[in-house]
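Descriptive structure summary
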Amino acid sequence: MSAKTSRLARFTNLEFVLGASLTTIICLAVVFSDVLFPGGADKIDLMARLAKPFANAAHPLGTDPLGRDVLARVVAGGKISLLVGFTSVIGAVIFGVVVGLVAGYYRGFWDMLVMRFADIQLAMPFILLAITFIAIVGGSLTNTIILLIVSQWVQYARLVRGSVLTLREREFILSARAIGVKDWRIILQHLLPNLIGPVIVLMTLNVANNILLESSLTFLGLGVDPTIPSWGGMLADGRTYLQTAWWVSVFPGLAILLTVLGLNLLGDWLRDSLDPTGRTSR
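The rules behind each value
- Residues numbered from 1 in each chain as written.
- Predicted model: local features only at pLDDT ≥ 70, side-chain atom pairs only at ≥ 80, totals over all residues.
- Heavy atoms only, no water.
- pLDDT = per-residue confidence, 0-100.
- Helix = DSSP H or I, 4+ residues; strand = E, 2+ residues; numbered from the N terminus.
- Buried < 20%, exposed > 50% of the residue type's maximum accessible area, 1.4 Å probe, protein only.
- Polar contact = N/O pair within 3.5 Å; in protein donor to acceptor, adjacent residues only side chain to side chain.
- Contact = heavy atoms within 4.5 Å.
- Core = buried A, V, L, I, M, F, W, Y, C linked by side-chain atoms within 4.5 Å.
- Phe/Tyr/Trp six-rings, centres within 6.5 Å; stacked < 30°, edge-to-face > 60°.
- Lys NZ or Arg CZ within 6 Å of the ring centre and 35° of its normal.
- 1 Å grid on protein atoms, 1.4 Å probe; cavity = no way out; pocket = protein on both sides within 12 Å on 5 of 7 lines; lining within 4 Å.
- Points joined across faces, edges and corners; volume = space filled by probe spheres on them.
- Nonpolar A, V, L, I, M, F, W, Y, C, P; charged D, E, K, R; others polar.

Our next topic: the confidence of the model for the protein chain. On average, residues of the protein chain score 82 in pLDDT, and 93% of them are at 70 or above. At the low end of the mean pLDDT range in the protein chain sits helix α12 (residues 276-280), at 47; at the high end sits helix α3 (residues 70-106), at 89.

Topologically, Ser 230 is positioned in the loop between α9 (196-219) and α10 (231-238). Note on Ser 230: relative accessible area 1%, which makes it buried. Separated by 3.2 Å, the side chain of Ser 230 and the backbone nitrogen of Gly 233 make a polar contact. Apart from the residues within four sequence positions on either side, Ser 230 is in contact with Gly 77, Ile 80, Glu 214 and Thr 218.

In terms of nonpolar packing, the biggest core is built from 37 residues, with Leu 101 and Leu 191 touching the most fellow members. Contributions of two or more residues to this core are made by α1 (3-31), α3, α6 (141-167), α7 (171-178), α8 (183-191), α9, α10 and α11 (247-274). With nine residues, α3 is the single largest residue contributor to this core. Contact partners of Leu 191, with chain neighbours within four places excluded, come to Leu 101, Tyr 105, Val 164, Leu 167, Arg 168, Ile 173 and Ile 186.

So, on to the packing of aromatic side chains. Scanning all chains against the criterion turns up seven aromatic pairs. Measuring from ring centre to ring centre gives 6.1 Å for Phe 54 and Phe 251, while their planes differ by 85°; the resulting arrangement is edge-to-face. Taken together, the residues Phe 54 in the loop between α2 (33-36) and α3 and Phe 251 in helix α11 connect sequence positions 197 residues apart. Accessibility expressed as a relative area gives 12% for Phe 251, which makes it buried. Put simply, the rings of Phe 54, Trp 246, Trp 247 and Phe 251 touch in pairs and so form one group of aromatic residues. The aromatic ring of Phe 219 is capped on one face by Arg 239, whose charged end is 5.0 Å from the ring centroid.

What follows concerns empty space enclosed by the protein. Tallied over the entire structure, the rule returns one cavity of 30 Å³ or more. Size it by volume and the largest cavity reaches roughly 30 Å³. Considering the residues around the largest cavity, the lining is formed by Thr 23, Ile 26, Cys 27, Leu 82, Phe 86, Thr 259 and Leu 263. Mapped by element, the contributors of at least two residues to the lining of the largest cavity are α1, α3 and α11. When residues of the lining of the largest cavity are assigned to their parent elements, the largest contribution, three residues, is made by α1. Classifying every residue of the lining of the largest cavity gives five nonpolar, two polar and no charged.

Encoded structure:
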């Protein structure tokens, strides 16, 4: 093994360790939030309002203007962000992969129709799509997830379609057709397994992106209900206190940063691991 390859391997391992550690710690904290904070994130203590961080063991990250524990609310807000991130990606993957497989394999009118619709949607700015969608159906947790699915299925459809267009002309696909294998068996047994790698990498990166989008929409008042603890909502609530109580906004922002960083590192590691050609040319 050359020195360059050895350094690359160590760097790749570091990406995995950091990404997996950050993601695991945050997910565990969110899953066991009820055990860690039995009082909940909405417990009000006006006598302790705007308590400074690191000054009180009962509120290690301080409190907000209503005396609610910032650490408990940050962890509780992670439930919303992770739920939106993972659920919206799963929905976009299911719809986009099915559409991309059918369009790439059968071509013709269906392929032309889907791809032209995809081009139109990609030409529309996300914020314009979000404002239009929320104005019609209203803002809520479910509608935020649906919005992200609608806005991102195109990425998976185009990725899968492009790969299928290449794979459908390969010898093993042509041989399967020649011996009379049904189309659905070719799609499920021969095409789909060859698409899993790129789709998983895109999924990992999109979970991080969707967490950012959900936080941004909620910050603007277009996302999750303000009464539900969320990172975007905490940022919005604390912006008027930046000069007097910076911790109300800073710690939710750090939670977003660390979560997105961990998921992006995992995504980069997966991309390098599943694409040896791209890794050696990097």
